[in-house]
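So the chains spell out like this:
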Amino acid sequence: MYYNWLKLLKESLRNNSGWKKTWRNPEVKKKYDIIIIGGGGHGLATAFYLAKEFKIKNIAVLEKNWIGGGNVGRNTTIIRSNYLLTENEAFYEHSLKLWEGLEKQINYNAMVSQRGVLNVFHSDSQRDTFIRRGNSMILNGADAEILDKDQIKSIYPFLDFENARFPIKGGLLQKRGGTVRHDAVAWGYAHAADELGVDIIQNCEVINFKFKSGNCVGVDTNKGHIKANTIGCAVAGSSGLLMSKANMTLPIESHVLQAFVSESLKPVIPGVITFGAGHFYISQSDKGGLVFGGDIDGYNSYAQRGGMTTLEDVCEGGLALMPMIGKARLLRMWGGIMDMSMDGSPIIDKTHIGGLYLNAGWCYGGFKATPASGWCFAHLLAKGYSHKLSDKFRLDRFKNGFLIDEKGQGAQPNLH
Amino acid sequence: MKNSNRTNLGLIDYTTEINFQFDGIAYKGFQGDTLASALMANGVKLIGRSFKYHRPRGILTSGSHEPNALVELVYDNTTEPNTKATTIELFEGLIARSQNCWPSLKYDFMSINDKFSNLLSAGFYYKTFMWPSSFWEKLYEPLIRKAAGLGKLSTVDNTRSSEKGFLHCDLLVIGSGPSGLISAYIAGLSGAKVILVEEDYIFGGNLNNEIISISKLSSHNWINFIITELKKLPNVRLMLRSCAIGMFDHGVFGIIEKFNKSLETKISQVFWKVTSKKAMLCTGALERIIPFSNNDRPGIMLSGSIRSYLNRWGVIPSNKVAIFTNNDDAYITAKNLISYGVNVVAVIDTRENPNITDPNIKVYKGSQVINSKGKLALKGINVLSNDGKVFYLECNTLGVSGGWNPNVQLSCHTGVKPEWQNDILAFIPGKNNISTHLKAVGAANGNFTLDSCMIASETAVLAILKELKIKVKNYKMPDIESETYNIQPFWYVEHGNQRKWIDFQNDVTVKDIELAYKENFRSVEHLKRYTTLGMGTDQGKTSNVTGLAILANLSNKTIPEVGTTIFRPPYVPVSLDAFVGSSKAKYFKPIRLTPTHEWAEKNHASFVETGLWLRAEWYTKENEKDWRQSVDREVNSVRNSVGFCDVSTLGKIDIQGKDSQEFINKIYCNGFSKLAIGKVRYGLMLREDGLVMDDGTTARMSDNHFIMTTTTVNAESVYRHLEFCHQCLWPEMDVQLISTTDAWSQIAIAGPNSRKVISKIIDPQFDVSNENFPFMACKEISICGGFRARLFRISFSGELAYEISIPSQYASSLVSYLMEVGKEENIAPYGTEALGVMRIEKGHAAGPELNGTVTALNLNMGKMVSLTKDSIGMILSKRIGLNLEDGPRLVGLKPIKPENQIISGSYIFNLKDKLNAENDLGYVTSSCYSPTLNSYIALGFLKDGNNRYGDKIKVSNPLLNKEVFAKVCNPIFVDPNGDRLRG
Amino acid sequence: MIIEHPILGPRDIHEFIYVGDASLINRPNWNDDDAGSKFYEYLYLRKNIAGIHKELWFHQQGDRSWLVVSRNTKTHEIVKVDLVTKVSKELET
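Residues numbered from 1 in each chain as written. Chains lettered and ligands numbered in written order. Predicted model: local features only at pLDDT ≥ 70, side-chain atom pairs only at ≥ 80, totals over all residues. Heavy atoms only, no water.

Draft legend 1. Region of the structure containing the overall build of chain A. The secondary structure content of chain A amounts to 11 helices and 19 strands. The C-alpha atoms of chain A give 21 Å as radius of gyration, which agrees with the globular expectation for 416 residues (22 Å, within 12%). Residues classed as buried in chain A amount to 69% of the 416 residues present. For chain A, the proportion of contacts with a sequence separation of at least 24, taken over those separated by at least 6, is 75%. Element-wise, carbon and sulfur atoms account for 51% of the exposed surface of chain A, whose accessible area totals about 13,000 Å². (Helix = DSSP H or I, 4+ residues; strand = E, 2+ residues; numbered from the N terminus. Rg over C-alpha atoms; globule rule 2.2 N^0.38 Å. Buried < 20%, exposed > 50% of the residue type's maximum accessible area, 1.4 Å probe, protein only. Contact = heavy atoms within 4.5 Å. Areas by Shrake-Rupley, 256 points an atom, 1.4 Å probe, with all protein chains shown as cover.)

Draft legend 2. The arrangement of the overall build of chain C in detail. Broken down by element type, chain C carries one helix and six strands. Counting from the amino terminus, chain C carries its helices and strands in the arrangement β-β-β-α-β-β-β. Overall, chain C is about 45 × 30 × 20 Å in size when its C-alpha atoms are taken along their principal axes. By the burial criterion, 52% of the 93 residues in chain C qualify as buried. The averaged location of the 14 negative side-chain charges in chain C is 1 Å from the averaged location of its 12 positive side-chain charges. (Lys, Arg positive; Asp, Glu negative; His and termini not counted. Charge placed at Lys NZ, Arg CZ, Asp CG, Glu CD.)

Draft legend 3. Layout of the nonpolar core. Within the largest apolar cluster, 221 residues are counted, with the highest numbers of intra-cluster contacts made by Ile-37 and Phe-209 of chain A, Ile-655, Phe-663 and Leu-722 of chain B together with Leu-56 of chain C. It is helix H10 (residues 366–383) of chain A that contributes the most residues to this core, nine residues altogether. With residues up to four places along the chain from it excluded, the contact list for Phe-663 of chain B reads Ile-655, Leu-722, Cys-725, His-726, Trp-730, Met-733, Val-735 and Leu-737 of chain B. In this structure, Val-120, Leu-147, Cys-315 and Ile-325 of chain A belong to the second largest nonpolar core, which totals 51 residues. (Core = buried A, V, L, I, M, F, W, Y, C linked by side-chain atoms within 4.5 Å.)

Draft legend 4. Seen up close, the environment of Asn-883 of chain B. Note that Asn-883 of chain B resides in the loop between helix H19 (832–841) and strand E46 (888–895). The contact partners of Asn-883 of chain B, leaving out residues within four places of it in the chain, are Leu-857, Ser-877 and Lys-878 of chain B.

Draft legend 5. Quick peek at the sheet that holds strand E42 (residues 778–783) of chain B. Residue and element names in this part refer to chain B. Taken together, the six strands give an open sheet; going across it, the order is E42-E43-E44-E41-E35-E45, and neighbouring strands pair in mixed fashion. At either end of the open sheet lies a strand with only one pairing partner, and these are E42 and strand E45 (828–829). Note that E42 and strand E43 (residues 787–792) share six bridges and pair antiparallel. Across the sheet, residue Ile-781 finds its bridge partner in E43, namely Ala-789. (Pairing = 2+ DSSP bridges.)

Draft legend 6. Representation of the interface of chain A and chain B in the model. At the junction of the two partners, chain A supplies 112 residues and chain B supplies 113 residues. Both faces considered, chain A and chain B share a buried interface measuring about 9,600 Å² in area, 57% of it formed by carbon and sulfur atoms. Ranking the residues of chain A by area buried against chain B places Leu-139, Arg-165 and Lys-327 of chain A at the top, with a combined share of 9%. Inspection of the region where chain A meets chain B yields nine salt bridges. Linking Lys-164 of chain B and Glu-312 of chain A is a salt bridge whose minimum nitrogen-to-oxygen distance equals 2.5 Å. The interface formed by chain A and chain B holds 54 residue pairs in polar contact (both at pLDDT 80 or more) in total. Among the elements of the structure, helix H1 (5–13), helix H5 (124–139), strand E5 (145–148), helix H7 (182–195), strand E13 (252–264), helix H9 (308–321), strand E17 (329–341) and helix H11 (397–400) of chain A are those that each provide at least two residues to the side of chain A that touches chain B. Looking at the side of chain A that touches chain B, the element that brings in the most residues is H5 of chain A, giving nine residues. Partitioning the side of chain A that touches chain B into residue classes produces 48 nonpolar, 36 polar and 28 charged. (Buried area = accessible area lost by both parts, 1.4 Å probe. Salt bridge = Lys/Arg side-chain N within 4 Å of Asp/Glu carboxyl O. Polar contact = N/O pair within 3.5 Å; in protein donor to acceptor, adjacent residues only side chain to side chain. Nonpolar A, V, L, I, M, F, W, Y, C, P; charged D, E, K, R; others polar.)

Draft legend 7. Just helix H11 (residues 544–555) of chain B, in detail. Residue and element names in this part refer to chain B. For H11, spanning 12 residues, the distance from its first C-alpha to its last is 16 Å, which sits close to the expected 16 Å at 1.5 Å a residue. Most of H11 sits out of view: 10 of its 12 residues are buried. Within H11, the full set of buried residues consists of Asn-544, Val-545, Thr-546, Gly-547, Leu-548, Ala-549, Ile-550, Leu-551, Ala-552 and Ser-555. Phi turns positive, to about 55 degrees, at Asn-556, one or two residues after H11. (Expected span 1.5 Å × (residues − 1).)

Draft legend 8. Expanded view of the sheet that holds strand E9 (residues 206–212) of chain A. Residues and elements named next belong to chain A. The three strands are arranged E9-E10-E11 in an open sheet whose pairing can be described as antiparallel. The sheet terminates laterally at E9 and strand E11 (224–227), the two strands that pair on one side only. Averaged over all neighbouring strand pairs, the angle between strand axes comes to 30 degrees, with direction disregarded. (Axes fitted to C-alpha atoms, helices over the stretch in contact; angles between N-to-C directions.)

Draft legend 9. Seen up close, the pairing of E46 of chain B. Residue and element names in this part refer to chain B. Across the eight residues of E46, six count as buried, placing the element largely inside the fold. Relative to strand E49 (residues 935–943), E46 is paired through six bridges, and the arrangement is antiparallel. Each residue of the ladder has a partner; that of Leu-893, found in E49, is Ala-938.

Draft legend 10. Up close: the pattern of salt bridges. All names here are of chain B. Per the stated rule, a full pass over the model turns up 74 salt bridges over all chains. A salt bridge links Asp-507 to Arg-57; the nearest nitrogen and oxygen atoms lie 2.8 Å apart. On the criterion of sequence distance, the pair formed by Asp-507 in the loop between strand E29 (501–503) and strand E30 (508–509) and Arg-57 in strand E4 (residues 56–57) is long-range, its members being 450 residues apart. Neither Asp-507 nor Arg-57 differs from the other in exposure class; each is buried. Measuring nitrogen to oxygen at the nearest pair gives 3.2 Å for the salt bridge that ties Lys-277 to Asp-170. Note that Lys-277 is positioned in strand E15 (residues 267–281) and Asp-170 in strand E8 (residues 161–174), a separation of 107 residues in sequence. Overlapping salt bridges, with partners in common, bring together Arg-55, Arg-57, Asp-114, Asp-296, Arg-499 and Asp-507 in one network.

Draft legend 11. Examining the interface of chain A and chain C more closely. At the junction of the two partners, chain A supplies 24 residues and chain C supplies 25 residues. Between chain A and chain C lies a buried interface of about 2,100 Å² when both sides are counted; carbon and sulfur atoms form 56% of it. Inspection of the region where chain A meets chain C yields one salt bridge. Glu-253 of chain A is the salt-bridge partner of Arg-46 of chain C, the closest N and O atoms lying 3.0 Å from each other. Remark: the boundary between chain A and chain C carries 13 residue pairs in polar contact (both at pLDDT 80 or more). For the side of chain A that touches chain C, the elements supplying multiple residues, two or more each, are helix H8 (239–244), E13, strand E16 (289–300) and H11 of chain A. By residue class, the composition of the side of chain A that touches chain C is 11 nonpolar, 10 polar and three charged.

Draft legend 12. Quick peek at the side chain of Gln-284 of chain A. Mapped onto the elements of the fold, Gln-284 of chain A is located in strand E15 (residues 281–284). Classification of Gln-284 of chain A by relative accessible area gives buried; the value is 1%. Polar contacts involving the side chain of Gln-284 of chain A include one to the main-chain carbonyl oxygen of Leu-265 of chain A, which spans 3.1 Å. At 3.3 Å, the side chain of Gln-284 of chain A forms a polar contact with the backbone oxygen of Lys-266 of chain A. Excluding residues within four positions of it along the chain, Gln-284 of chain A makes contact with Arg-115, Leu-265, Lys-266, Pro-267, Val-268, Ile-269, Gly-289 and Leu-290 of chain A together with Arg-145 of chain B.

Draft legend 13. Broad picture of a nonpolar patch on the surface. Together, Trp-5, Leu-6, Leu-9 and Leu-13 of chain A together with Trp-131 of chain B line one region of the surface with nonpolar side chains, adding up to about 630 Å² of accessible area. Along the chain, Leu-6 of chain A falls in helix H1. Note on Leu-6 of chain A: relative accessible area 46%, which makes it partly exposed. (Patch = residues over 30% accessible without salt bridge, like charges linked within 9 Å, V, L, I, M, F, W, Y side chains within 5 Å.)

Draft legend 14. Region of the structure containing the packing of aromatic side chains. Under the counting rule described, the total for this entry stands at 57 aromatic pairs over all chains. Taken together, a centroid distance of 5.7 Å and an interplanar angle of 55 degrees make the contact between Tyr-156 of chain A and Phe-158 of chain A tilted. Residue class for Phe-158 of chain A comes out buried when judged on its relative accessible area of 14%. Measuring from centroid to centroid gives 5.6 Å for Trp-618 of chain B and Trp-627 of chain B, while their planes differ by 25 degrees, and the two rings are stacked. Residue class for Trp-627 of chain B comes out partly exposed when judged on its relative accessible area of 40%. (Phe/Tyr/Trp six-rings, centres within 6.5 Å; stacked < 30°, edge-to-face > 60°.)

Structure representation (structure tokens):
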């Protein structure tokens, strides 16, 4: 089913009776060429690109619950490519370019809104690291600008320039960064993949892997046994649990990240702003709610909720940056399970088991990576080797010392 | 129009009149009114416009679950949007305005949306706005954003502030309805430490809305009796206007206490963090609607809310009232209305055989309301009777009751899903099999009759007191008549094809749910997100259960099979400043001052933030207009004579014990096992992964006494690391650690005349000649006639230098004294900028180089990592990725033209290479102007750097559009042999 | 969250700093032949249990003791708290 305004108009005259399922509910087959475990943003994107770019026909996405019910269903919607290290920056810039053309590709309005991401800084040393980052962005083909205090004041006059404990000295702006409607990404990729023949199987939990001579040959699920010679795992915070079924221990800890939304308000924050003297970032959704967040709570968790201390820290950061949001009202707070890796950067790699591939370790930054992650993982699954853009995201990099550590914090996941 | 609808009874103080305004019109109300009750009493029916379709809306409820009557409140020079008229305590001078309408509430231009409802159905925006792609950001999105949003955020700062507090108790009772009151009463009498919180501005909960007799008292008098008894108990804390907004792990609750706007308080609210041993959820139940065509007109309310307005606020909604119900409770409303002489035109009961005994009430059994009429206010309803006939009934108010939903929200906050209870057709809190912290009782747990509620509460609180090991004291339970509650399933009216509203705030209809189902959004999560059902400021309190009942119907499943979405904090929306309290603006984080801060201020220092510290960055002399003049002067004064600097912020860790030396030897990657008493050594500290964590010095003061220094920024983390190593890795070692960063101040005195100056203050028995106190020596000394101090001969500047450590309270005096005794030598204070220039001149790594991704090898210190002992990080430092042949190395960079500034954060390229990531060879970490060399200089990491001294390269900064040609050199620009250090 | 400190009683979580899996107590022997491999596994691989998880917390704003806390990562329920100095080096996993 093709979506556009003409169809919308037609259907409105027919009392909306002609709409079809956004994706089918097919019966699961006994065998597929490729199985993707995980029906979140990354899993669905992978399936789409496998079908579209690599022309694979027989694909299934197995989702334990309902698609898009994990982190893609509850994130703070930011997209950007403003990383420091080339291994990351090149990848995220590719992702941003894919975001730019996404709606046309998947025929779904994901509300890609490139309204700018501004990172403010508060000291000279911070400025220096931001300059380095801006240069890295430009060298990797992305866009970056440095703004001084007055320039920031002219676009965001409501930031605290007078009474701040850590006065704003300037900021790094990426104009092409912005936000995307997260739900629509999952549903859009599902719709597009489904149109290309991908079977999306919901409420299908993988219970075990099936092995033969050191290779993975299928999975046992609550819907029966399914054969496949290529299996890609994209389950984010549940990676540890899934891969333990293959006797693998990962360099990943699962942590809770909380996010918050306010009551709906008339437009007041045009772009995405991150605070430099504390963990806080904010944007305003198209529905009017202020969507904001901060740091992870800091301890391992699968509970998808966190504590009050984080709420206080986040709000303190928010008010330090922009005092006016003191009067906005918190409507809802929630949490997700983040797959925090040991250097803060992702893993897209084959495993030591033939036919079994892993896409994980996205920490709290997986959403913006969705298109590139899907695209690169599809490349890996289709060809058996990684594309240049993701060939440094190896599982063995920790053993060999080729770390991709943006924050320079070392082997402690909760510091990334 | 003026208050004509009053009963002159209820919990209202009719002697205190209050003036208020709504949309520019002046009205009168009374003490005890809410804005909603006062408006109702004045006959105002139209209060707002809905979010999407701008439908005219009136008051639906009498509490914080109100989806319709949202107004903008104006007070204290500020505005508060999205405020529920049903919860605002009326105060003198209150000004309220309707929202989301233009040009007026009555004539709202955007109501044109309503005509396009088929086009604007659920999820429509996902299917369009995609073409042309540039139009999304330029046109569509700005329009959508402008149309969205209910209220406007004021940018004016509130004059009243928020505060925070902590409370602890044995038992937290949430809600002061009958179950909360009786539980607090029994527990309080028995001596338990009880906190009773009530969201409303009076105690009593839903009991305030009823006219019943309890122990021969009226409900109101019984409530007063209990409260009076509770007030006598010192172990009971009663809190009004206090809402439990969230339950967190381990019995921790968040409570927001608000203060009446009419009170002369500087504080508008307090955020209480309550730690309780046990808690009881006595939050009652909220009524739900029955969707039918056009069930959202002003004048259509929840039947229980009509009762509230009638009995508590003394307001008659109108003179022709009809009731639509599927359960027994609505008949109480009918009875109460009749007792005030109101014409109850009919009760339309969906049940074929309801158990009705009152002959005064006209009942249509097995019937449904299928439509309503009246544009800005209800005029009448269409009824479908059980014999298939449709007729019209005139009425101005319709009370709807689709059943009651226990207010389970808080019980879900720690992840327990509610359970379906079929006899009341509602969800109750799940049996929390993980921890037994929260117990739900009363209507919150499905005990809908007063007698069952009291008995259940008693049982529960007794069990809790037993668990708390508190002996129960005598109490008397009240006399209550027994009641019954009967309900039969009826979720929505199928008849009729005009829109039937479920979520009033987000304008979600039955059609939307049907459409979502059709498009395969069939889980409750999908349904919610696709239709936005339950995502408004009422958080779905009036709509969630009805929504999923309809979903269950469509999917041919039972409601428990379909399940429910989980509730999350906060229970009601809370302004963000509540969670900040006074930690705002300048008080966001503490300020740490160095021991010489005051002295520095007096001496015209300019300050810079280093973490939480304020450090002097330079001292401005009278004629100096530019910071560079000050800094260059300070550098020159050190290199040519002598200067001093407060370096107290660097971490100091005191290490003592028999095994201290062995411990330190395992901490640093370089050798410390041979460090003699009275000697200091540079120490390089690696993380366990082999990368550099920090550097500093460690001095051996005596056999088993060492003092370690760290960088300012890493003081805390290094200390923690040391404690980790001691307690977790080597607990058998005899070592004790303590941080002495704040206790001891540290003053660096540097320059060729430094020995001359310090000799003037060090007591004569200590010999500080070069022979007896060489480079890297240390000693416990005394200065100025017996003041305890420590002397270290270490140098960051590369000059002959010392550091004197003295208890912090004497630092100010010391520096003043140094200024005096050093007059001859023109001693001058220097700040962090000059310090920075000198260490760059000497190629010393500091913060910008120690960025966490750097190895000893990168810093040209590879050989320092001893391979013949165990130390943190040694093994993993050998990984191939960290030992590449041509890996990054610390180098110096000197611009070809000395006046060209090399900017930190620039990237290094070969002269002929294109500027892209592939050709990137490294980056600049630190840079400054060197007055010693009369040139800009810089430090950076360069691929294969140690083999490239003398090479010309370009330093590019595309971000700032700058490029400088430079030469690679040894990072030690000044005195590379270190002669000055050892003189 | 509240952590029941063995000496000081119940303390709020904001007084503590979390490091991670308590298996960090079992630092390998640098002299082993395959020390490189062992240190890699020790530092980087995590069981990441969904259930009772033994982990290290540092009482930064208190007595500066390291604690081994046994906490259920699915429910956050804490079942045991010990001073690390009392816990044996051999951890049961």
